[in-house]
Amino acid sequence: MTKQVQQLDRVIIRFAGDSGDGMQLTGDRFTAGTAEFGNDLSTLPNFPAEIRAPAGTLPGVSSFQLHFADHDILTPGDAPNVLVAMNPAALKANLGDLPRGADIIANTDEFTKRNLQKVGYAASPLEDDSLTEWRVHPVPLTSLTVKALEGFDLSKKDAERSKNMFALGLLSWLYHRPTEATISFLENKFAKKPEIAKANIAAFQAGWNYGETTESFSVSYEVKPAPLAPGVYRNISGNQALAYGLIAASVRSGLPLFLGSYPITPASDILHELSRHKHFGIRTFQAEDEIAGVGAALGAAFGGALGVTTTSGPGVALKAETVGLAVMTELPLIVVDVQRSGPSTGMPTKTEQTDLLMAMYGRNGESPLPVVAPMSPSDCFDAAVEAARIAVKYRTPVMLLSDGYLANGSEPWRVPAAADLPDISTAFASAPAEGEEFLPYLRDPETLARPWAVPGTPGLEHRIGGIEKADRTGNISYDPGNHDRMVRIRQAKIDGIAEDIPPLEVDDPDGPDGGTRVLVLGWGSTYGPIAAAVRRIRKSGGKVAQAHLRHLSPLPANTGEVLTSYDKVLLPEINLGQLAMLLRARFLVDIISYNRVRGLPFKAEELADVIQDVIDSE
Amino acid sequence: MSELLSGPGLNGRGLALVPKSDAKQSMKEYKSDQEVRWCPGCGDYAILAAVQSFVPELGLKRENMVFVSGIGCSSRFPYYMNTYGFHSIHGRAPAIATGLAASRPDLSVWVITGDGDSLSIGGNHLIHALRRNVNLNILLFNNRIYGLTKGQYSPTSEIGKVTKSTPMGSLDKPFNPISLAIGAEASFVARTIDSDRKHLQSVLREAAEHKGTSLVEIYQNCNIFNDGAFDQLKDPEQRDDITLRLEHGQPIASASKAVRRAADGGIEVVPRAEVAENEILVHDAHRADPSLAFALSRLDEPAFAHVPIGVFRSVDRPSYDELMSAQLEEAVAQRGPGSLDDLLLSGDTWRIG
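Residues numbered from 1 in each chain as written. Chains lettered and ligands numbered in written order. Predicted model: local features only at pLDDT ≥ 70, side-chain atom pairs only at ≥ 80, totals over all residues. Heavy atoms only, no water.

K.L.:
Hey, could you run me through the overall build of chain A in this one?
P.N.:
Along chain A, the regular secondary structure elements total 20 helices and 23 strands. For 618 residues, the compact-globule formula gives about 25 Å, and the C-alpha radius of gyration of chain A, at 27 Å, lands near that figure. Each principal axis of the C-alpha distribution contributes one length, and for chain A these read about 90 × 65 × 45 Å. Long-range pairs, those at least 24 residues apart, make up 77% of the contacts in chain A between residues at least 6 apart in sequence. In the structure as shown, chain A presents an accessible area of about 23500 Å², 51% of it carried by carbon and sulfur atoms. Here chain A carries 57 positive and 74 negative side-chain charges, and the mean point of each set is 4 Å from the other. (Helix = DSSP H or I, 4+ residues; strand = E, 2+ residues; numbered from the N terminus. Rg over C-alpha atoms; globule rule 2.2 N^0.38 Å. Contact = heavy atoms within 4.5 Å. Areas by Shrake-Rupley, 256 points an atom, 1.4 Å probe, with all protein chains shown as cover. Lys, Arg positive; Asp, Glu negative; His and termini not counted. Charge placed at Lys NZ, Arg CZ, Asp CG, Glu CD.)

Encoded structure:
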């Protein structure tokens, strides 16, 4: 049977199942095949905080969404074209996101009376008329998998576990994905259990063959490779890119990396990744708590290391006092906050931008510090290098604000050459000349940074601490005038960094005099959805400018100028308007906020509507 | 290692990686130019003088010594030492020192802390430093009171302590710092007293040379808020009777009392005249099992009935920093030194153009 092949420019697939069904792995492998094929792509995993919520229930549903295209794309996509639903819970939890006409591939074996009851279906939606708006492909994935594995020495239960590979095989056929990498991946993953490896490969191939032979799928789809800039690419998640960025910062600064960390979702993967690269001289220290994690990192920084601590919002709250100590002692320190939904424990696996004000001001006293926020998963690499550059050059703690969406999302990344990365090396203080006094708080006139005098250097013995320092000498001082001066110097040092960061760039195809009235501003992970929304507006003839802040403290020197160049400034944030409040206070600009705090990234369509409303309003 | 275990109470590796000074050093070099600001008569003066006069004997390069402290009266200590120093925040000195010592094995790192700093707000960091066994020396100045906040009871104050925050007496049972440290399986645990400089210095020397975390509890008198807390140990009439000197390989006894195995399996203190010399328990600081050292730490219940002074426990086990360095070396041996380009290009890659 010759099947029809249809060309598509882009596809959004969502794999959904029980958290034990291996949906994240399935998504990862489909992503790897897609990356290898050369499409541009963007992914969004979505999983419960519970490791194994009760099987078959709505809270236990785990999903992985992948958007791939023959052109460059900016987001994991608003709404799936295809939903793979491994059970009734996965169908029910995701149906609301499916546009009419989308394909549903449902594992009919799991649509049992009991499973249907668990999620409140009176009858199977596959058998009544409730799904007529969609194209449903009922496939008995479990039993087909078991049948395909009959020749293997496996229990029925073990054979059933390979059903995700059957699904992967079917989808790989449906979208013409290469299969070799998945087969060698399975061989490696189960190298110690060759029987399991063979079974998974057999299930994968059976899924492929099923697509080829069955009549339920009459069409397969091709999405041509995207014309990306020449270079070597790999797929990378935000957390992995951030870890690599820290390693790159260590290499390019010549400082040994010391990570003090305490496990916390969604930041733990950075600790895991860095722990695997000890041959770079990286010391990873899993501390007894968040406070000890940052304390150890600061202690190591005092000793001349690139000190880093990684955490999420609740951990930042605990670390605040130590970060204040780093402000006072003016030592380099990188504090990575992979933001998640709050307050308190909130929704640990869901994303948010709600820690900005805590990063800026969440310490006692006047304790300014630089804040840097990456805008995409791969940008976590460059943002980490930038955070380290500032920390080392200005001897200051730096907050690096990633979030759960960036951390777990992935995209293709053009791999840079190590030699092309910035040199961020710095010099430690050396012994003073004969007869000269060492002044631990004497500042570089340009950067206002104090000397980094590490133990082991003769002649530089000195004492630092959290008590206010006398200017120049660093001795304890309670002098009112000195305190006022030091408060202002610490602020001036951070403010001065504005001269050392790129200006805020505006993407405005019509130029400054082109009549564009609306600027959409963003920061952090909203870049993708905002840029995708801006494209939609322009495609339909609308005029809108876009700018994105990577440095939130200090702001680029031209920020005020940019904001006042447009009639209206729209600022979407996944919080209740934290950056908007800062910009209003500083520049007296009447920012229009758009805020949703649902634990999910914005959708491009949603933002396009908001932008259009602002354009249309008087 | 077995030699070390049967040696004179030192594993001796504590300073092995710290550079030595060729020049002869004096106490004067270790005094900073800062004015000492403790209350007149504070026990901290005696401890400072004892430390300043003892460290030159270690023969280390002064720039390779670091004193790290938390918050409290005792935590001002680093300002007065002409070494590197870090006066940090309340309770966190062991954490900060852990990062420093784990990343810089060439430093001799000292933590100066008090009973409130280390056992209340910083209790978690203390026990984890002890179990982890990073190469640090923790000097716990125990005056059984909060001094810098002006006289509230502390986690080592006796039950019923009347203070500003407990006008009807404190309700909570105090920690015994030695019991706590041994419970955390610290590799070196000792107690000494501010007024006995010779003993203080001998214990500090052992602590310095011990590889791993050493905890030294120093009974320290706060003459403003808790004066006389340790008078029994200083009173010539009774001190020799209640002080049990712990010396490795020596019988544990005071002038009038001795420690022996009790019939119920524990240990007990009995009049010395009632026990034959060979029945007196001989102190073994190097016993791997901490239970006997723990039993010794309980002999001062009720308070000051009998007070063991000296090294309760000194055992050799690998220190965290040694193990961490070894893992780094092993990783390099297995994989070669890290190459950033190789790392960035690891995994599945593809070329475009």
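K.L.:
Could you clarify how one ought to interpret the overall build of chain B in this entry?
P.N.:
Counting its secondary structure elements, chain B contains twelve helices and eleven strands. Scaling as 2.2 N^0.38, a compact globule of 353 residues should have a C-alpha radius of gyration of about 20 Å, and chain B matches this with 22 Å. If you line up chain B on its principal axes, its C-alpha atoms span 90 × 50 × 45 Å. Expressed as a percentage of contacts within chain B between residues at least 6 apart in sequence, the contacts between residues at least 24 apart total 68%. Carbon and sulfur atoms provide 53% of the accessible area of chain B, an area that totals close to 14300 Å². A distance of 4 Å separates the average location of the 36 positive side-chain charges in chain B from that of its 43 negative side-chain charges.

K.L.:
What exactly am I supposed to notice about the pairing of strand β10 (residues 257–261) of chain A here?
P.N.:
In the case of a regular strand, side chains alternate between the two sheet surfaces. Residue and element names in this part refer to chain A. Buried residues dominate β10, accounting for five of its five residues. Relative to strand β12 (residues 306–311), β10 is paired through three bridges, and the arrangement is parallel. Among the inter-strand pairings, Leu259 is bridged to a residue of β12, identified as Val308. The pairing of β10 with strand β11 (residues 283–286) spans four bridges and is parallel. (Buried < 20%, exposed > 50% of the residue type's maximum accessible area, 1.4 Å probe, protein only. Pairing = 2+ DSSP bridges.)

K.L.:
Would you take a moment to explain the interface of chain A and chain B for this structure?
P.N.:
Frequently, the measure chosen for interface size is the accessible area removed from exposure when the parts meet. On the side of chain B, 59 residues touch chain A, which itself brings 71 residues to the contact. Summed over both sides, the interface of chain A with chain B buries roughly 5400 Å², with 62% coming from carbon and sulfur. When the buried surface of chain A facing chain B is broken down by residue, A:His279, A:Arg283 and A:Arg463 rank first, second and third, together holding 15% of it. On inspection of chain A and its partner chain B, the count reaches two salt bridges. B:Arg132 is the partner of A:Glu288 in a salt bridge, and the nearest nitrogen-oxygen pair spans 2.9 Å. Linking chain A to chain B there are 28 residue pairs in polar contact (both at pLDDT 80 or more). Secondary structure elements with two or more residues in the side of chain A that touches chain B: α1 (23–37), β9 (231–237), α9 (238–253), β11, α11 (290–302), α12 (313–329), β16 (410–414) and β17 (463–465) of chain A. Examining the composition of the side of chain A that touches chain B, we find that eight residues originate from one element, α11(A), more than from any other. (Buried area = accessible area lost by both parts, 1.4 Å probe. Salt bridge = Lys/Arg side-chain N within 4 Å of Asp/Glu carboxyl O. Polar contact = N/O pair within 3.5 Å; in protein donor to acceptor, adjacent residues only side chain to side chain.)

K.L.:
I'm lost on the sheet that holds β10(A) in this one. Help?
P.N.:
Sheet strands line up and pair through hydrogen bonds in the backbone, either parallel or antiparallel. Residue and element names in this part refer to chain A. With respect to topology, seven strands assemble into an open sheet ordered β11-β10-β12-β13-β15-β14-β21, the strand pairing being mixed. At either margin of the open sheet sits one strand with a lone partner, and together these are β11 and β21 (551–553). Of the strand pairs in this sheet, strand β14 (residues 371–372) and strand β15 (residues 397–403) are connected by two bridges, and their pairing is parallel. Residue pairing in the sheet places Val371 in a bridge with Met399 of β15. The strands touched by helix α14 (residues 379–394) are β12, β13 (333–339), β14, β15 and β21; relative to β15, the strand with the most contacts, the crossing angle is about 165°. (Axes fitted to C-alpha atoms, helices over the stretch in contact; angles between N-to-C directions.)

K.L.:
How should I be thinking about helix α11 (residues 320–335) of chain B in this particular structure?
P.N.:
Spanning 16 residues, α11(B) covers 22 Å between terminal C-alpha atoms, matching the ideal 22 Å at 1.5 Å per step. Residues of α11(B) that are buried make contact with β10 and β11 of chain A together with α3 (93–103) of chain B. After α11(B) finishes, the residue B:Gly336 shows a positive phi value of roughly 80°. (Expected span 1.5 Å × (residues − 1).)

K.L.:
Which parts of the structure should I look at to understand the confidence of the model for chain B?
P.N.:
Interpretation of the predicted coordinates at a detailed level should be avoided for regions scoring low in pLDDT. On average, residues of chain B score 94 in pLDDT, and 97% of them are at 70 or above. Here the complex is predicted with pTM 0.94, and the ipTM for its interfaces comes to 0.96. (pLDDT = per-residue confidence, 0-100.)

K.L.:
Is there a simple way to explain helix α8 (residues 194–213) of chain A in this structure?
P.N.:
Owing to its 3.6 residues per turn, the α-helix aligns residues three or four sequence positions apart on the same side. Residue and element names in this part refer to chain A. Counted at 1.5 Å a residue, the expected span for α8 with its 20 residues is 28 Å, and the 28 Å between its end C-alpha atoms agrees. Looking only at α8, the buried set comprises Ala197, Ala199, Asn200, Ile201, Ala202, Ala203, Phe204, Ala206, Gly207, Tyr210 and Gly211. At its buried positions, α8 is contacted by β7 (135–139), α4 (141–148), α6 (163–174) and α7 (180–189).

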